[in-house]
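Remarks on the overall topology
As a plain string of letters, each chain reads:
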Amino acid sequence: YGRNYPAEELIEKVSNINIYIMRISCLEIQNFRKLKSSRIDIADDRTIFVGANNSGKTSAMDCLILFFRDKKSFTTQDFTLSNWREINKIGNDYIVYSKESDLDENKLSISAWQPFVPQLDVWINVEENEIHYVNRIIPTLDWASGKLGIRLRFEPKDIKTLYTDYTTAKSTIEELTKDRSKKATKLWPIHLWDFLQKKLHTYFTVNAYILDPSKFGQGDTPQLLSEDNIPIDFDPFQGLVKIDIINAQRGFSDPNTPETGISNLSSQLREYYSKHINPTETIDATDLDALEAIEEANKAFDIRLEAGFSSSLDELRNLNYPGFGNPEISISTKVSPVDGLKHDSAVLFNVQKGETDEQCLRLSEKYNGLGYQNLISMIFKLIRFRDEWMKVGKIAKNSTHEIEPLHIILVEEPEAHLHAQVQQVFIRKAYDVLRNHARLKEKKDFCTQLIISTHSSHIAHECDFKSLRYFKRNITQNQIPTSTVINLSKTFGAEDETTKFAKRYLKTTHCDLFFADAAILIEGQAERMLLPFFINQEFPKLASAYISLLEIGGSHAHRLRPLIDDLGIITLIITDIDSVDPNAHRRSVRPEKGKNYVTNSSTLKQWTPAKESIEELVDLASTKKQSSNGLVRVAYQYGTKITFKNKVVTVYPYTFEEALVFDNIDLFKSMKGDGLIKKYSEALNESTIKECLRKMFEALDNAKKAEFSLNLLFIDDTKKIKTPTYISEGLKWLSEILEKNSSNCSMSVSSNAIK
């Protein structure tokens, strides 16, 4: 840098430079199932996919698996569903072109397909000292280091051939049916989608293209390739990236059912033995003792077998076999150590230890709990992935390939068969296991990136929020549902007071917010206890939905706004109006009109409806209590008419408890009990409404609200309890918006899918 540092200081500065090995920085997915256009930022170590059911987490994992490993497994269902309308239009255009005398070749260009076919852009950060790994895929001679992009696209192999074969098939059907008086049964192909459902891999393949790093991040969508871009004729990731996968469907055998070829721990041990330990492969000095022992075992077993079969062989000789010219029978064995792992008890779990081997009580692996089987199996797979990558043991002598600088491990839903504590153990230890090698650990010569999709709040809770990628469902009326991906490291990026609160709050609760269809934010313990009761009693559709119930005071709920807005989750906020007198040092007062009282609720002031005046709040229309995007609604107390001493009056509840009493006056008048129940019952039997309201307000001092709610749940007929009106309105809104969104998708059964 043009400065004259002393040698010792220069060495120290150079040694402290954080040189990071190349790593995948982000993935851009287009036109793959629900992921119409999504960018996923990949963390340096662990990236966790979270989101509600059917939000696209599995789609993202399948996209990586198909493009990196199973290119022959694409189906027409992997295209974003809405794109088939446009692809069928391409097919219709082909029919029109086929009737032209001179076909313009430009009409059969790849540009017509480019906006609709599945593609995956992989962006890798490459340092200057790593260019030798990527010398075949550098974009220009001027490129020295930085971002490097490769596009994998599932597209037609030869558009002219596809055009010819499709139009020929369609013309054949037209010729067959042109003379029929009645409309014929629909024959294949009905349209281009129908044609490709049968012959997709005949006409489509995965091609790879080199992208222009200078265009990265320009605009909201990935860069377009021109007609001049030609695919590269080799695998761009060979020798660069090693991909390993643990699929979600890992089933384990039941001890009471026959074996079904499931990959249990014994089979994993056999595979590990064959690749890394087997002494018969590429023998070295350390294997001589083992081979000698195997040979001695073979000889001893041969002698025993010869003696055991001697009488049977003598009987054969009595039948004149072997006779003249027939070969003599002999028995010999070959003891293979790996055969010792081919049985149920190859892996044993010590149930009870003893001083001698005979005193130990053991069970074979399939009798151990599924949770522990799954944990052990997954951890062992990670060990095997790491050792295969690092060429541990015999595999080093049998492999001619260099170690890839990048190791990507995909794990789908590790929580399957794992209880909460074991899920947390797995997520804490998994990455450490993958780096537990002398050439890895804290060194940066090779990079490991673990990508996990999960539906477990326990796993999300255990991770740094900066590693979470939230799959957000975009549901628009009459549109095919799609998803986008939110990088929560940006949501929690700024370390301001709001961000700190949100992170700390979520760390003290379960992170089920990341997997919910909707969220309800509530004020206190009383609402927390009674809300599930109200939902079950009056809103059964909500009872079957995935709703995250978060207890957070009205003075703090607004701090979750950045997170709620980023997640785009449907949210109902149930809060108290919390009226205060600004002229009396903001002393709490009963809500009244004409007194210039204001709310002390930060949620009502700063979030929605963003108003402070009690006068405005109690008269606010229901539609004004929603956010501008219609996804967030607030519910708070407002004026309600009651009959008191045969007289109709309007009262303004101050809290949830008061609103509950006013909507259930007859019930509370006659209710027996102590604490708040007793005080409210006495207040309702006062002679004037003014005295009643005064006593109810005073009853809240040092009130045990949780005890009040518990006592209500134990009354003889809980069905008599009516949900407070303001809460009922909020729950009705939530139920309607969820039902409206769910109506976009339905399930049907097609006869041609039944076998």
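Residues numbered from 1 in each chain as written. Predicted model: local features only at pLDDT ≥ 70, side-chain atom pairs only at ≥ 80, totals over all residues. Heavy atoms only, no water.

Structural notes on the overall build of the protein
Filter applied, for reference: Comment: elements are numbered from the N terminus, with helices defined as DSSP H or I runs of at least four residues and strands as E runs of at least two. The classification of residues rests on relative accessible area computed with a 1.4 Å probe and restricted to protein chains. Under 20% of the type maximum is buried, over 50% is exposed, and intermediate values are partly exposed. Residues are treated as being in contact if the distance between any of their heavy atoms lies within 4.5 Å.
The helix and strand tally for the protein stands at 24 helices and 22 strands. Put simply, the protein has 755 residues, and 46% of those count as buried. A separation threshold of at least 6 residues defines the contact pool for the protein, and within that pool the share at least 24 residues apart is 72%.

Notes on the nonpolar core
Under the convention used in this document: Only buried residues count toward a nonpolar core, which is a set of Ala, Val, Leu, Ile, Met, Phe, Trp, Tyr and Cys residues joined through side-chain atoms within 4.5 Å.
Tyr94, Trp113, Leu120, Ile124, Leu196, Phe204 and Phe237 are the most contacted members of the largest nonpolar core, which has 69 residues in total. Tallying contributions element by element places helix H2 (residues 57–68) first for this core, with 8 residues. Val422, Leu521, Ala557 and Leu620 belong to the second-largest nonpolar core, a separate cluster that totals 61 residues.

Considerations on the packing of helix H14 (residues 525–538) against helix H23 (residues 705–713)
Condition: To obtain each axis, a line is fitted to C-alpha atoms, and for helices this fit is confined to the stretch in contact; angles are then taken between N-to-C directions over 0 to 180 degrees. Angular relationships are summarised with four words: roughly parallel below 35 degrees, roughly antiparallel beyond 145, roughly perpendicular across 65 to 115, and oblique for the angles in between.
Direction vectors running N to C along H14 and H23 enclose 20 degrees, while the axes themselves pass 7 Å from each other. With respect to H23, the axis of H14 lies roughly parallel. Across the interface between the two elements, Gln525, Ala526, Met529, Leu530 and Phe533 of H14 pack against Lys705, Ala706, Ser709, Leu710, Leu712 and Leu713 of H23.

Thoughts on the environment of Glu497
Inspection of the secondary structure assignment puts Glu497 in helix H13 (residues 497–508). A residue is classified by how much of its surface remains accessible, and Glu497, at 57% relative accessible area, is exposed. The spacing of Glu497 and Arg559 is 62 residues in sequence and 8.7 Å in space, taken between C-alpha atoms.

A look at the environment of Leu531
Within the secondary structure layout, Leu531 lies in helix H14. For Leu531, a relative accessible area of 1% translates into the label buried. The spatial distance from the C-alpha of Leu531 to the C-alpha of Leu549 is 9.2 Å, given a sequence separation of 18 residues.

A word on the sheet that holds strand S17 (residues 579–581)
Quick reminder of the rule: By the convention used here, strands pair only if DSSP detects at least 2 bridges between them.
One open sheet accounts for 3 strands, arranged S18-S17-S19; its pairing is antiparallel. Since the sheet does not close on itself, it has two edges, and those belong to strand S18 (587–588) and strand S19 (598–599), each with one partner.

A word on the pattern of salt bridges
Quick reminder of the rule: Salt bridge criterion: a side-chain nitrogen from Lys or Arg within 4 Å of a carboxyl oxygen from Asp or Glu.
Per the counting criterion, the structure on display carries 27 salt bridges. Here Arg23 ties to Asp44 by a salt bridge, and the two come within 2.7 Å at their closest N and O atoms. You can see Arg23 sitting in strand S1 (residues 23–32) and its partner Asp44 sitting in the loop between strand S2 (35–41) and strand S3 (46–51), a full 21 residues away along the chain. Overall, Arg23 belongs to the buried group, its relative accessible area being 16%. We classify Asp44 as partly exposed; its relative accessible area is 29%. Note that Asp565 and Arg561 form a salt bridge whose closest N and O atoms lie 3.3 Å from each other.

Observations regarding a nonpolar patch on the surface
So the rule is basically this: Patch membership is restricted to residues that have no salt bridge and whose relative accessible area is over 30%. Joining uses 9 Å for like charges and 5 Å for the nonpolar side chains Val, Leu, Ile, Met, Phe, Trp and Tyr. Accessibility throughout is a Shrake-Rupley quantity obtained with a 1.4 Å probe, and a residue counts as covered only by protein chains that appear here.
A surface patch of nonpolar side chains, amounting to about 310 Å² of accessible area, comprises Leu710, Leu713 and Phe714. Secondary-structure assignment places Leu713 in helix H23.

Quick look at the packing of aromatic side chains
As a reminder, the rule being used: When the centres of two rings from Phe, Tyr and Trp lie within 6.5 Å, Trp using its six-membered ring, the rings pair. Their planes under 30 degrees apart give stacked, over 60 give edge-to-face, and anything left gives tilted. For a lysine, the NZ atom is tested; for an arginine, the CZ atom; a charge sits over a ring if that atom is within 6 Å of the ring centre and within 35 degrees of the ring normal.
Applying the stated criterion across every chain, the model contains 24 aromatic pairs. Relative to Tyr203, the ring of Phe195 has its centre 5.4 Å away and its plane inclined at 35 degrees; by these criteria the two rings are tilted. Relative accessible area serves as the criterion here: at 1%, Phe195 is assigned to the buried category. Following the ring pairs from residue to residue traces out a cluster consisting of Phe32, Phe67, Phe74, Phe79, Trp84, Trp113, Phe154, Trp193 and Phe204. Just above the ring of Trp188 sits the side chain of Lys198; from NZ or CZ to the centre is 4.8 Å. Here the guanidinium or amino end of Lys625 rests over the ring plane of Tyr636, the centre of that ring lying 4.7 Å away.

Details of helix H24 (residues 725–742)
Residue pairs three or four apart in sequence face the same way in an α-helix, which turns once every 3.6 residues. For clarity, the threshold we go by: Take the number of residues in a helix, subtract one, and multiply by 1.5 Å to get its expected span.
Compared with an ideal rise of 1.5 Å per residue, which puts 18 residues at 26 Å, H24 spans 26 Å between its outermost C-alpha atoms and is within 8% of the ideal. If you check which residues of H24 are buried, you get Tyr726, Ile727, Gly730, Leu731, Trp733, Leu734, Ser735, Ile737, Leu738 and Asn741.

Observations concerning the side chain of Asp244
Quick note on the threshold: N or O atoms within 3.5 Å of each other form a polar contact, as long as, within protein, one can give a hydrogen and the other can take it, and as long as residues adjacent in sequence are counted only when both atoms are side-chain atoms.
Residue placement: Asp244 occurs in strand S7 (residues 241–246). Looking at Asp244, its side chain comes within polar contact range of the side chain of Lys242, at 2.4 Å.

Examining the packing of helix H3 (residues 83–98) against helix H4 (residues 159–177)
What counts, and what does not: Following the grouping adopted for this structure description, the nonpolar residues are Ala, Val, Leu, Ile, Met, Phe, Trp, Tyr, Cys and Pro, the charged ones are Asp, Glu, Lys and Arg, and the polar ones are all others, Gly among them.
Between H3 and H4, the least distance of the axes is 10 Å, while the angle of their chain directions is 80 degrees. Put simply, H3 runs roughly perpendicular to H4. Contacts between H3 and H4 involve Gly91, Tyr94, Ile95, Tyr97 and Ser98 on the former and, on the latter, Ile159, Tyr163, Tyr166, Thr167 and Lys170. Residues that form the contact of H3 with H4 fall into these classes: 6 nonpolar, 3 polar and 1 charged.

A few points about the sheet that holds strand S11 (residues 447–453)
Taken in spatial order, the 6 strands make up an open sheet running S7-S10-S11-S3-S12-S13, and their pairing is mixed. Taken across any chain shown, the strands that pair with only one partner, and hence form the sheet edges, are S7 and strand S13 (482–487). Each strand axis lies, on average, 20 degrees off the axis of its neighbour in the sheet, ignoring direction. Across 4 bridges, the pairing between S3 and strand S12 (residues 468–474) is parallel. Residue Val50 lies in a different strand from S12, and its bridge partner there is Tyr470. Where H2 meets the sheet, its contacts fall on S3, S7, strand S10 (406–412), S11 and S12, and the angle it forms with S10 comes to roughly 135 degrees. Packed onto the sheet, helix H10 (residues 420–434) meets S3, S10 and S11 and runs at close to 155 degrees relative to S11.

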